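One letter stands for each residue in the lines below.
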There are 2 protein chains.
Amino acid sequence: MQQAVPEPQSFRRVLSSMCTEPHPAAREAAVRFLATNPGDPGTYGAAAELEARAVDALGELAGLADPHGYVTSGGTEANIQAVRAARNRARDEWTSPPESPNVVAPESAHFSFAKAADVLGVDLLTVPTDGDGRADVDAVRAAVGDDTVAVVGVAGSTEYGRVDPIPDLAGVVEAAGESTPGGDRPLLHVDAAWGGFYLPFTDHEWCFEHAPVDTLTVDPHKLGQAPVPAGGLLARDRATLDALAVETPYLESTSQATLTGTRSGAGVAGTVAAFDELWPAGYREAYETATANASWLADALDDRGFDVVEPDLPLVAADVPESVFEALRKREWRISRTGRDELRVVCMPHVTRRMLREFVADVDDLR
Amino acid sequence: MQQAVPEPQSFRRVLSSMCTEPHPAAREAAVRFLATNPGDPGTYGAAAELEARAVDALGELAGLADPHGYVTSGGTEANIQAVRAARNRARDEWTSPPESPNVVAPESAHFSFAKAADVLGVDLLTVPTDGDGRADVDAVRAAVGDDTVAVVGVAGSTEYGRVDPIPDLAGVVEAAGESTPGGDRPLLHVDAAWGGFYLPFTDHEWCFEHAPVDTLTVDPHKLGQAPVPAGGLLARDRATLDALAVETPYLESTSQATLTGTRSGAGVAGTVAAFDELWPAGYREAYETATANASWLADALDDRGFDVVEPDLPLVAADVPESVFEALRKREWRISRTGRDELRVVCMPHVTRRMLREFVADVDDLR
């Protein structure tokens, strides 16, 4: 006999994920658009029009008045595509195209850049972060060479929620351009996949309005409260998107700049619905609640004698013994670890103070 | 004032798409799994378990008892990943790794292979089809060289629904291996993205049980009646999936063989629900109905003096004047064109005889 399709996990004990419960309005819109494909605008016109609205919304969030881009399957696709655009532009436009193109990224960059490097055949040059987990600008400068097609800055790192000094990285990129005959320079890509919907409410300088950023990843299906799959790739210049285009016979449109072909209209519709509902007041409230929760949790863990990494954005890392970690997982807490084996708790919109109190009570019980 | 999120198109006049209305059971399962990510099995265990069931189901469909693979965002990702695996295996395993890897594909292959070539830095060698739109085996054989990492066969081509002679292509691949010192040979990839859920009910030899196929694309969100996004990549050998793996810190799993990161649990749950409901009787019925519809439409267009490409799988192409085509689009018919500017009608499960009668009545009215 066939098993039925089971229930999904509840978010009641999920502290590890950078995804969350979609906003009800986003869920409703997504359900209506489940059978649409913005990748085929000739057939699915409403989904394609919504995608244009989604890109405008993300541009508003990230300080870009006339954004180019699209709704990706997630941050990984957006990061791969940003590197691909940089590689292709260098190959096709530079006075001296690089023989072995490379990308310079801080060690805090998401593993999708390692994936991008393998997929695209570029070298990933990883440089150290400073003592606080932010890109070391001198190390980035030292690593950038004639074959560097892109420099990556992270705005809200996956492990510690750190924001790299984006204007300083822009300075590195600009200086690199001044030292070449053709003025060719690497593109500056910012990965704000997670942080992008919290950062507008902080003092961080992270986006297009703060520096000459070329491309940026920001994911509606993370803090944008849209359903999976909804990532975002934004580009300042049309030429960057054009560098990704391939011809598309048998679709009514003539070219496609996306990595995937058929795409999710549900994610697109959910993005627009969530943004309409939450920008900016709802997102600000989510940020403030999460910040207070992260601060509370960091204090609670510190009070208990654990080494806590001071949170900046609402993501808490703490050095909790392996035995406690495993015991917490046995109690169905969905938690994960940093590369240094610290406990890592991501304060997403579904993470309430009550959840965190229960969690800390379990920590007390188990340590 | 904000515009509301509009209604999506209805499928009432969609004749151009290879996607369709999801089965109600698939829709219901997808809605429940909207906020899950099988790419993070430590957190979203139910979605990850469903994905294993989905891969087994696709293996059953495609004649592979112990399938390796995953649910992709669609056929494009699956095709890119198949080529990437072939490229990586040649690079890492061949006695003489290719300097300039290439892929040999018939000109009927989907444009995602051109995308794969750009993304992955491999050359795409396109060879002619025979007079009937199937891969010309002699032309494929002539194109395969020492740097060929993959040969592509199409099982249900996008333009004409043609099925390449897969066992013959397997023979080409095998012969290529016999002529190299290390016995290294290209991988054989079959793109059955669209055809895969119709082909089990035909006499075609297209899948793992008919030939030593290495990888195969088959998309639940096309004829599988699952919601977007749900594609499928299957591989005969574990090593092929392993060639795609990158390490994944901060997830509880340790590596990831997918192209995207966060993935749609909705597509996965919808795939399992549709398969449970429809395999095999429901899919067979859909195939038989579509075949009868395609035959009826081909006859109707032929009766009216249009040149019709004899359908094999249920996809009808006919030489209809540009003016009629445009007038049909103005009446909201969602139709598309082949590379030779023929009208192309894909007989999907939502395409009923009544729709086709209305369509032909409009053709009569407009020609």
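For every chain, the first residue of the written sequence is number 1, and numbering continues from 1 along that sequence. Throughout, the order in which chains and ligands are written sets their labels, letters from A for the former and numbers from 1 for the latter. Selection of residues for local features in this predicted model requires a pLDDT of at least 70, selection of side-chain atom pairs for listing and counting requires 80 or more, and totals for whole chains, interfaces and linings are taken over all residues. Side-chain measures were taken over the full set of non-hydrogen atoms in the model, leaving aside hydrogen atoms and water.

### Notes on the packing of aromatic side chains
To pair, rings of Phe, Tyr and Trp, with the six-membered ring standing in for Trp, must have centres within 6.5 Å; the planes then decide the type, stacked if under 30 degrees apart, edge-to-face if over 60, and tilted in the middle. Within this structure, the stated rule accounts for 18 aromatic pairs over all chains. Chaining the aromatic ring pairs together yields one cluster made of Trp194, Phe197, Tyr198, Phe201, Phe275, Trp279, Tyr283 and Tyr287 of chain A.

### Some remarks on the pairing of strand E2 (residues 102-106) of chain A
Strand residues, when the strand is regular, have side chains that alternate between the two faces of the sheet. Residue and element names in this part refer to chain A. Exposure categories follow from relative accessible area, calculated using a 1.4 Å probe and restricted to protein chains: below 20% of the type maximum is buried, above 50% is exposed, and the middle band is partly exposed. Going along the chain from the N terminus, every DSSP run of H or I of four or more residues is numbered as a helix, and every run of E of two or more is numbered as a strand. With 5 of 5 residues buried, E2 lies mostly within the body of the structure. Taking every second residue as pointing to the same face, both faces of E2 are buried, with Asn102, Val104 and Pro106 on one and Val103 and Ala105 on the other. Two strands are said to pair when DSSP picks up at least two bridges between them. Bridge count between E2 and strand E3 (residues 123-127): 5 bridges; the pairing is parallel. The residue bridging alanine 105 from the neighbouring strand is threonine 126, located in E3.

### Here's the deal with the relation of the copies chain B and chain A
Copies are brought into register by a least-squares superposition over C-alpha atoms of residues with pLDDT of at least 70 in both. The transform that puts chain B on chain A rotates by 180° and translates by 0.0 Å along the axis, for an RMSD of 0.0 Å. Here the copies are linked by what is in effect a two-fold axis. By C-alpha distance to the rotation axis, the residue of chain B lying nearest is leucine 120 of chain B, at 2.5 Å.

### Focus on the pairing of strand E2 (residues 102-106) of chain B
All names here are of chain B. Crossovers are described as right-handed under a simple rule: with the strands pointing away from the observer, the path leading from the first strand over the helix to the second runs clockwise. Of the crossover connections in this fold, the one passing from E2 over helix H4 (residues 112-120) to the parallel strand E3 (residues 123-127) is right-handed. Pairing analysis gives 3 bridges linking E2 to strand E4 (residues 148-154), with the strands arranged parallel. Across the sheet, the residue bridging to valine 104 is valine 151, located in E4.

### Section: the sheet that holds strand E1 (residues 68-72) of chain A
Residue and element names in this part refer to chain A. Pairing is mixed in the open sheet, where 7 strands are placed in the order E1-E7-E6-E5-E4-E2-E3. Each edge of the sheet is formed by a strand with only one pairing partner; in this case those strands are E1 and E3. Strand-to-strand twist across the sheet, computed as the mean angle between neighbouring axes with direction ignored, equals 20°. Lying over the sheet, helix H2 (residues 45-61) contacts E1 and strand E7 (231-235), oriented at roughly 110° with respect to E1. Taken strand by strand, helix H3 (residues 75-93) contacts E1, E2, strand E4 (148-154), strand E5 (187-191), strand E6 (215-217) and E7, and its axis lies near 180° from that of E5. Interaxial angle, 0 to 180 degrees, is taken between N-to-C directions of lines fitted to C-alpha atoms, where a helix line uses only the stretch in contact. By the convention used here, residues are in contact when the closest approach between their heavy atoms is within 4.5 Å.

### Some thoughts on unusual backbone geometry
In this model, tryptophan 279 of chain A is joined to proline 280 of chain A through a cis peptide bond whose omega is -10°. If you trace the backbone, proline 280 of chain A turns up in the loop between helix H8 (265-278) and helix H9 (281-303). We note that glutamine 225 of chain A has phi near 65°; this positive angle belongs to a residue other than glycine. Tracing the chain through its elements places glutamine 225 of chain A in the loop between E6 and E7. Unusually for a residue other than glycine, aspartate 341 of chain B sits at a positive phi of about 65°.

### A word on a negative patch on the surface
All names here are of chain A. In this scheme, patches are assembled from residues that exceed 30% relative accessible area and form no salt bridge. Like charges are connected within 9 Å, while nonpolar side chains (Val, Leu, Ile, Met, Phe, Trp, Tyr) are connected within 5 Å. A 1.4 Å probe and the Shrake-Rupley method give the accessible areas. Residues count as covered only by the protein chains that appear here. For salt bridges, the criterion is a side-chain nitrogen of Lys or Arg within 4 Å of an Asp or Glu carboxyl oxygen. Charge counting treats Lys and Arg as positive and Asp and Glu as negative, with His and both chain ends excluded. Every charge is mapped onto a representative atom, which is NZ of Lys, CZ of Arg, CG of Asp or CD of Glu. Judged by side-chain charge, Asp299, Asp302, Asp303, Asp307, Glu310, Asp319 and Asp341 come together as a negatively charged surface patch. For the negative patch, the element with the most residues is H9, which contributes 3 residues. Tracing the backbone through its elements, the reader meets aspartate 302 in helix H9. On the accessibility criterion, aspartate 302 (46% relative accessible area) is partly exposed.

### Let's talk about the interface of chain B and chain A
Contact with chain B, which involves 79 residues of that partner, is made by 78 residues of chain A. The term buried area refers to how much accessible surface (probe radius 1.4 Å) is lost by two components on association, counted for both of them together. Buried area between chain B and chain A, both sides added, is near 6,500 Å², and the carbon and sulfur share of it is 56%. Across the contact surface, chain B and chain A share 8 salt bridges. The partner of aspartate 118 of chain B in a salt bridge is arginine 84 of chain A, and the shortest N-O contact between them spans 2.9 Å. Two N or O atoms count as a polar contact when they lie within 3.5 Å, although within protein this holds only if one can serve as hydrogen donor and the other as acceptor, and sequence-adjacent residues are included solely when both atoms are side-chain atoms. At the junction of chain B with chain A, the criterion picks out 36 residue pairs in polar contact (both at pLDDT 80 or more). For the side of chain B that touches chain A, the element with the highest residue contribution is helix H3 (residues 75-93) of chain B, accounting for 6 residues. Here the residues of the side of chain B that touches chain A sort into 35 nonpolar, 24 polar and 20 charged. Basically, the charged four are Asp, Glu, Lys and Arg, the nonpolar ten are Ala, Val, Leu, Ile, Met, Phe, Trp, Tyr, Cys and Pro, and anything else, Gly included, counts as polar.

### Observations concerning the UniProt feature "modified residue: N6-(pyridoxal phosphate)lysine" (unreviewed entry) in chain A
All names here are of chain A. UniProt positions are given in the numbering used here, feature names are shortened, and annotations may be inferred rather than shown by experiment. Under the present numbering, the feature "modified residue: N6-(pyridoxal phosphate)lysine" (unreviewed entry) in UniProt falls on Lys222. Residue position: lysine 222 is located in the loop between E6 and E7. Residue lysine 222 is classed as buried on the basis of its relative accessible area, which comes to 10%. Residues within four places of lysine 222 in sequence aside, it is in contact with Met18, Thr20, Gly75, Ala193, Trp194 and Met348.

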